[in-house]
Each structure stands twice: as structure tokens, then as C-alpha cells.
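Overview (structure and organization)
Listed below are the residues making up each chain.
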Number of protein chains: 2
Amino acid sequence: MIHAYAAHKPGGALKPFEYDPGSLGDDQVEINVESCGICHSDLSMLHNEWGLTQYPFVPGHEVIGTIAALGTAVTDLQLGQRVGLGWFAGSCLTCQWCMSGNHNLCLSAAGTIVGRYGGFADKVRAQGSWVLPLPEQLDPASAGPLFCGGITVFNPIVQFDVKPTDHVGVIGIGGLGHLALQFLRAWGCEVTAFSSNPAKAEEVKQLGATQVINSRDPEAIAAAANSFDLLLCTANADLDWESYINALRPKGRLHLVGVVPNPLTIPLFPLILGQKTISASPLGSPSTVADMLDFAARHHIAPITETFAFSQVNEALETLRSGSPRYRLVLQH
Amino acid sequence: MIHAYAAHKPGGALKPFEYDPGSLGDDQVEINVESCGICHSDLSMLHNEWGLTQYPFVPGHEVIGTIAALGTAVTDLQLGQRVGLGWFAGSCLTCQWCMSGNHNLCLSAAGTIVGRYGGFADKVRAQGSWVLPLPEQLDPASAGPLFCGGITVFNPIVQFDVKPTDHVGVIGIGGLGHLALQFLRAWGCEVTAFSSNPAKAEEVKQLGATQVINSRDPEAIAAAANSFDLLLCTANADLDWESYINALRPKGRLHLVGVVPNPLTIPLFPLILGQKTISASPLGSPSTVADMLDFAARHHIAPITETFAFSQVNEALETLRSGSPRYRLVLQH
């Protein structure tokens, strides 16, 4: 039996929950969970905001742990090896997207907490291909958030060939944004943080920003017109998209990785005149996760975390719901 | 004196109009106009839809003619040489965008009919760098529309590295779309036309489409889900953007080159899940125009035109206003 924490209705408190995972699939591994980060999408799923949630619902998709059991077909992982697991727990491995290294775009990719039980548990299972060894240089106690928050912001840097000469802005400095700043500084970019909390300015500069713009000050954003090759938006709120499009340089890209409540309203003229782009993306492929882990290890990039015991899971969720954790919450056994 | 046709108020009829162009700038050339295409943006400017128009307003920015006079600094064109001129009549040549070959993104680029008198005239002037020699293999009587309509759809093919293996859809088969079909067939792509006029289907296939989807049939568009690497939208009407985003494959791009009346409403979820992109662009640089002309000459790509005498300019504009010319109108001396 696996001992987990589950909600039984939308927004319900998490309670101890046992389930029998059945026999281990040939292509699966079972992970002994050591820690699990808490992502905003755990909350969105808990409240069934996306209409995808099945109850009992076990959140958790930023898992660090050790391999407890190996399916017969898994040859590249070892019992006891320390690994991580993120949003995706499997993909078909045979479609054009999997075959071309874009496993995160597989049309039948399985989410770790979508129709499955996640990592708020003592054990969790996933397809071996989506379980990545954690480099020794990374601290297992804080590395969990790399596997969702981290790859979510690292992937577009790779996908869109961001260059060290680029001027990049990060909108929203929370769980995702504080990792984006670290990645982009190490990438060699000029990095600007757009933060709604000016009190964070000094911290944000230490994370990699060379300047901080108050995202609640429309004049400050207007003054940054034609400044950015890339604006990476981690916010999950509706923003004044036009003002950010105007802040892009010609050929610039506004890339969104946060789920915002309403459809985007995009004025076309500035897009045409400046050959500008709006895009979005989901996480990254296992290969990109591996590159990210290697890059993070070499550049000493790590999530800044606040730790709760698994038994405090409801307090931890309340902390995320009510404010701005600095910067990511992690549950630990 | 230059003899032109000008409107004196928004939407006004064009009437003969003379003006003294003054002395020729060192970097300018004067063109003896032989023909000039009529673009939808001539109509938009005539009606001051974009708030950019100054009256008297002389439309015309798809000019074919011969060099009548050369400024002292223009060394790469010759008197009598046959040339073309499009939407842009000049740029600063010194900013980062001009210096990197992106002259069409120069923040101070001058539109041929924006604060200047255009090509509905016996002569027109422009900066020499924006006046391109017409290859001998191209028919001067029909080539004018390449310089605006043509480059508008050719440029994104170059800018976004469209591959011959790509599956591309062209939305709207008019002045721009009928050129896009020809370019994309010659590029090696699989080409689908989205047309609101099923009566055009046979013609559209001859232009390069391997299939035609009725753009007024939501079910037909829905059936094309996950099909296209690129959707090139030439329409200047508000469409159901979500249905076209769903028709993109993962990593697909919806690229707009027509000015649509209202801001785009873009649902974010399908953009995130499929790592999809929305973009737009204005025309192309002189270097890309030169590449297009060479490519058009090699592949026998030409606008299909209907010709009017310059003295019939108001009838020609009425024809464009009222319907769907097949496919581009050209005024001829």
C-alpha cells in the first residue's frame, strides 16, 4: 500500500489516504519520496480549476526520492539511485513528438497528478523515461522545484535559442521567476525583473536581475518600450499585455508559462510593426530536464525553499494560497 | 511637377493633383511610374482607418517603373533601369535594425504613402536602398504586387525558417494569399488553402494548394486539428482564432500579415499545451525583397492581375472595395 495525502472534494483538506498501486508496469519505477515541492498548479488542480481533477486527489509533482523498485524494462536507472519526477509521469515514446525529443508535447502525455496519484505520499510511480537522476552537486532537500517550476522556465530559453546577448525580462518573481532569474544570469543575458513587490528588489538583484521594474507602475513599464528580446511571464494573473508587447524590441517575444484566468487580448498593430511574437509552453522533455540539471549543478542554481513536514501539508497549502512564499514550499519526510 | 491622383478628404474620390517634389535628395531616386498595384492598405489609408493619413493623399505603393533621376549618393542603380518600390520608401540605414539587415523593422522607416505622396502618379521618389531592380524574367506589367503583397507573405517564410517538410495553411486567398500559395508550393511545402469561396477551389489548387478547406465551415476547421506547422493568415477580418490555434500541430505558428479590426482574443491553454506561437510581421527588408524576386523569377511565380488605366482609378478602387478581385488590381499608364 502507498500512504498518501488526498482531498476528497474540490478545495477539500488533504487527509491521509491509502491506495494499492497494483503491480509495477514493465516501463515504470517506484520512488521512495524524500521531499516534494508544492506548485501553484497543485492548488489549481485541488480546486479543479481546469476541469481535469479526479477525487480522491493526491497532489505533488516536484518529487525527489530514491528508486524503490524497477520495472523489468527499465535499464538506465538503479535501485537506491536518487532521482526527481515532475509534472509529467509518462508519454507514449512512439509518436512523432516523442521520437523527435519533444516528449512534453506528446498528445497523450500523462500528468503525474492528472488521473493518477501524485507525490504527496511515501511512494509514487512513473514511467522510467520521465524519472531523471539528480546530479550529486544538487541539494536533494531543495531540488524538487527544479522538476516543475525550474524546467518550465528553462525550457523556453532552450526552445527559442535565447542568446547571451539578449535582453530578457522576467515578469513575476515567485517560485518560477526566482529560478528564471538565476538561469538567465548564468546564460549571460541582461536580466530585468518585473515585480509587484518593491520590497523584494534587493533579493531579486541577488538572484540575477540587474534592474527591477515595479510591475504595478504603468509608467515604468511604458518607459521600457522597445527594450526586451524576451519577456518571460510567470504570472498567473491577467496583465496589461499591450504594455508588455510595447516593451519588446523588434523581433521580441512575450512567452507565457503561467496559466492566466482569461484569454489574452492582443492588439495586432504593434505585433505587425515589430514582427513580435506571443508564445507559451509546457515544461520540457526529459532530455531538456537533464540539460537543466547539469546546467544548474555547474552554475550553483537552486530553488530557495521553505520546508514543511508532510503532516503539515494543509498549513503549507494555506501558506501558498494566502501569500507569496519566498520562493517555493517543499514538503519533507 | 509630378502629376498624381489624390483624395482631399477621408474616403474622397481621387482627382488629378500636381505637386512640386523639390530637389532630389542625395540618397533618393525618381521613378517614372509604369504601373502600380492597388493594395487593401491603400483603401485603409484613403479612409484614414489607422489615423496615419495626411490629405491630399496620393495612394500607391506597388510601383514598377524606370529610373528617371538618381541622387548623387546612389551608386547601385542606373538611369533607365527597371525597378520596383513597395510599402517602405526609406529607413535610417544606421540603427541596429537597419545595420542587421532588418530595415523593415527600423523604428523610423518611412511608408511610401505615409506623410508622402505615393505611386498613383507619373513619378514617385524613394530612397535608393528601397528601390530594387526587377529581374528580366518577371513581367513588369504584373510584378508590382510582389513589392507589397508578395513580400508580406514571403518574408515570414524566410524569417521563421519554414521548411519544405512543413505543412502550411494559407488563410484567405486574395491578393496576398494567391502569392503565398505559389511561394509555398515552390518552397516544397504541403499547402492547404482556407478559402471562404468554394467556387475558387479549382483555381486555388492550380496556384499550389493540395487541398482547400472552406473557412466558413467550423466543422471542417475542427477536423483539421493538430495539422499545421504554420498557418499564414492574410485575412483582414476577425476570425475564430481559437479554431485556428487548435488546427496547429505542437510547436505550430499562427502568423498574421493582414490588419484585422479588433484585438486578437487568444485562449492560453492550447498555446501552453502545444508550445504554440502567434506572430505577425510587416513586409520585408530590401535584401529579402531581392531574394523573393530571384525566387519568383526562377519559379515563374507572378501575381494574377486585372488591369485598369490610371484614369479609371476610382473605378478600380470601387472594384476592390466591393468584392474579391482575382487577385490583384494594377493601374497602368
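Cut-offs used in this document
Residues numbered from 1 in each chain as written. Chains lettered and ligands numbered in written order. Predicted model: local features only at pLDDT ≥ 70, side-chain atom pairs only at ≥ 80, totals over all residues. Heavy atoms only, no water. Helix = DSSP H or I, 4+ residues; strand = E, 2+ residues; numbered from the N terminus. Rg over C-alpha atoms; globule rule 2.2 N^0.38 Å. Buried < 20%, exposed > 50% of the residue type's maximum accessible area, 1.4 Å probe, protein only. Contact = heavy atoms within 4.5 Å. Domains from an automatic or database assignment. Buried area = accessible area lost by both parts, 1.4 Å probe. Salt bridge = Lys/Arg side-chain N within 4 Å of Asp/Glu carboxyl O. Polar contact = N/O pair within 3.5 Å; in protein donor to acceptor, adjacent residues only side chain to side chain. Nonpolar A, V, L, I, M, F, W, Y, C, P; charged D, E, K, R; others polar. Pairing = 2+ DSSP bridges. Core = buried A, V, L, I, M, F, W, Y, C linked by side-chain atoms within 4.5 Å. Axes fitted to C-alpha atoms, helices over the stretch in contact; angles between N-to-C directions. Parallel < 35°, antiparallel > 145°, perpendicular 65-115°, else oblique. Left-handed = near helix turned anticlockwise from the far one by under 90°. Expected span 1.5 Å × (residues − 1). Phe/Tyr/Trp six-rings, centres within 6.5 Å; stacked < 30°, edge-to-face > 60°. Lys NZ or Arg CZ within 6 Å of the ring centre and 35° of its normal.

The next subject is the overall build of chain A. A count of helical and extended segments in chain A gives 11 helices and 18 strands. Expected size for 333 residues packed as a compact globule is a radius of gyration near 20 Å; at 20 Å, chain A falls within 12% of this value. Oriented by its inertia axes, the alpha-carbon framework of chain A measures out at about 60 × 40 × 35 Å. Looking at chain A as a whole, 56% of its 333 residues qualify as buried. Relative to all contacts within chain A whose residues are 6 or more apart in sequence, the contacts with residues 24 or more apart total 66%.

Here we take up the domain arrangement of chain A. Residues and elements named next belong to chain A. What the domain assignment reports for chain A is domain 1 (2–148 + 283–332) and domain 2 (151–280). The straight-line distance from the C-alpha centre of domain 1 to that of domain 2 is 26 Å. Across the contact, 25 residues belong to domain 1 and 23 residues belong to domain 2. With both chains or domains summed, domain 1 and domain 2 bury close to 2,000 Å², and 63% of this area falls on carbon and sulfur atoms.

Turning to the interface of chain A and chain B, a few remarks are in order. Facing the 39 residues of chain A at the interface are 39 residues of chain B. Among the residues of chain A in contact with chain B, Leu268, Ile272 and Gln275 of chain A are the three that bury the most area, contributing 19% of the side total. Along the contact surface separating chain A from chain B lie zero salt bridges. Where chain A meets chain B, there are 13 residue pairs in polar contact (both at pLDDT 80 or more). Within the residue set of the side of chain A that touches chain B, elements represented by two or more residues are helix H2 (96–99), helix H4 (149–159), strand S14 (248–256), strand S15 (264–266), helix H9 (268–273) and strand S16 (277–280) of chain A. Looking at side-chain class alone, the side of chain A that touches chain B contains 22 nonpolar, 13 polar and four charged residues. Relative to strand S15 (residues 264–266) of chain B, S15 of chain A is paired through three bridges, and the arrangement is antiparallel.

Below, the discussion takes up unusual backbone geometry. Following tyrosine 55 of chain B, the chain continues into proline 56 of chain B via a peptide bond in cis, with omega recorded as -5°. Structurally, proline 56 of chain B is set in the loop between helix H1 (40–46) and strand S4 (63–70). Cis geometry is found at the peptide bond from arginine 326 of chain B to tyrosine 327 of chain B, where omega equals -5°. Its location among the elements puts tyrosine 327 of chain B in the loop between helix H11 (313–322) and strand S18 (328–332). Phi angles above zero are rare outside glycine, and aspartate 161 of chain A is one such case at about 50°. By the secondary structure assignment, aspartate 161 of chain A is in the loop between H4 and strand S10 (167–171).

Let us look at the nonpolar core. When a protein is soluble and globular, its nonpolar side chains tend to lie buried together. Core analysis: the largest hydrophobic core is formed by 84 residues, its most contacted members being Phe120, Val131, Leu146, Leu181, Phe183, Leu184 and Leu293 of chain B. Summarising the domain contributions, this core has at least three residues from each of domain 1 (2–148 + 283–332) and domain 2 (151–280) of chain B. If we skip the residues at most four places from it in the chain, leucine 181 of chain B touches Val170, Ile173, Val191, Ala193, Val204, Leu207, Gly208 and Ala209 of chain B. With 83 residues, the next largest nonpolar core counts Ile113, Val162, Leu207 and Ala297 of chain A among its residues.

This paragraph deals with the side chain of histidine 178 of chain A. Residue and element names in this part refer to chain A. With respect to the element layout, histidine 178 can be found in helix H5 (residues 177–187). With relative accessibility at 0%, the residue histidine 178 sits in the buried group. The residues touching histidine 178, leaving out its near neighbours within four places in the chain, are Ile173, Leu207, Ala302, Pro303, Ile304 and Tyr327.

Turning to the packing of helix H4 (residues 149–159) of chain B against helix H10 (residues 286–299) of chain B, a few remarks are in order. All names here are of chain B. Axis separation between H4 and H10 bottoms out at 10 Å; the angle between their running directions is 100°. Classified by the interaxial angle, the pair formed by H4 and H10 is roughly perpendicular. Residues Gly150, Ile151, Phe154, Asn155 and Val158 of H4 touch H10, and the partners they reach there are Thr288, Val289, Asp291, Met292 and Phe295. When the residues that make up the contact of H4 with H10 are grouped by side-chain class, the tally is six nonpolar, three polar and one charged.

Attention shifts here to the sheet that holds S10 of chain A. Hydrogen bonds between backbone groups are what pair the strands of a sheet, and the pairing can be parallel or antiparallel. Strand order in the open sheet formed by 12 strands is S12(A)-S11(A)-S10(A)-S13(A)-S14(A)-S16(A)-S16(B)-S14(B)-S13(B)-S10(B)-S11(B)-S12(B), with mixed pairing between adjacent strands. With one partner strand each, in any of the chains shown, strand S12 (211–214) of chain A together with strand S12 (211–214) of chain B form the two edges of the open sheet. Each neighbouring strand pair of the sheet contributes to a mean axis angle of 20°, computed without reference to strand direction. Looking at chain direction, S14 of chain A and S16 of chain A are connected through four bridges and run parallel. The partner of leucine 256 of chain A across the bridge, within S16 of chain A, is alanine 280 of chain A.

Residues and elements named next belong to chain B. For tyrosine 5, the position within the fold is in strand S1 (residues 2–6). In sequence terms tyrosine 5 and tyrosine 117 are 112 residues apart; their C-alpha atoms lie 9.4 Å from each other. Residues in contact with tyrosine 5, not counting those within four places in the same chain, are Leu14, Lys15, Pro16, Phe57, Val58, Pro59, Phe120, Phe310, Ser311 and Val313.

So, about the packing of H4 of chain B against helix H5 (residues 177–187) of chain B. All names here are of chain B. Look at H4 against H5: their axes get within 9 Å of each other, and the N-to-C directions meet at 35°. The two elements H4 and H5 meet at a crossing, and its hand is right-handed. Seen from H4, the contacting residues are Gly149, Gly150, Val153, Phe154, Ile157 and Val158; seen from H5, they are Leu179, Ala180, Phe183, Leu184 and Trp187. Each residue belonging to the contact of H4 with H5 can be placed in one class, and the counts come to nine nonpolar, two polar and no charged.

Glancing now at the pattern of salt bridges. All names here are of chain A. In this structure the tally under the stated criterion is 16 salt bridges over all chains. A salt bridge links glutamate 30 to arginine 125; its shortest N-O distance comes to 2.7 Å. Remark: arginine 125 occurs in strand S8 (residues 123–127) and glutamate 30 occurs in strand S3 (residues 28–38); sequence separation between them is 95 residues. Both residues of the pair, glutamate 30 and arginine 125, belong to the buried class. Overlapping salt bridges bring together Glu30, Lys123 and Arg125 as one network.

In this section: helix H10 (residues 286–299) of chain A. All names here are of chain A. Taking 1.5 Å per residue as the helical rise, H10 with its 14 residues ought to reach 20 Å, and the 20 Å between its terminal C-alpha atoms agrees with that figure. Restricting attention to buried positions, one finds in H10 the residues Pro286, Thr288, Val289, Met292, Leu293, Phe295, Ala296 and Ala297. Looking at the buried side of H10, the elements it contacts are strand S9 (132–133), H4 and H5. Just downstream of H10 lies histidine 300, where phi reads positive at about 55°.

All right, on to the packing of aromatic side chains then. As enumerated under the stated definition, the model contains 28 aromatic pairs over all chains in all. Ring geometry for phenylalanine 120 of chain B against phenylalanine 310 of chain B: centres 6.4 Å apart, planes inclined by 80°, an arrangement best described as edge-to-face. Placement of phenylalanine 120 of chain B in the loop between strand S7 (110–111) and strand S8 (123–127) and of phenylalanine 310 of chain B in the loop between strand S17 (305–309) and H11 is noted, with a sequence separation of 190 residues between them. For phenylalanine 310 of chain B, a relative accessible area of 3% puts it in the buried group. By the ring-pair criterion, three or more aromatic residues cluster together here, those being Phe154, Phe183, Trp187 and Phe295 of chain A. The ring of phenylalanine 160 of chain A is capped by arginine 253 of chain A, whose NZ or CZ atom sits 3.7 Å from the centre of that ring.

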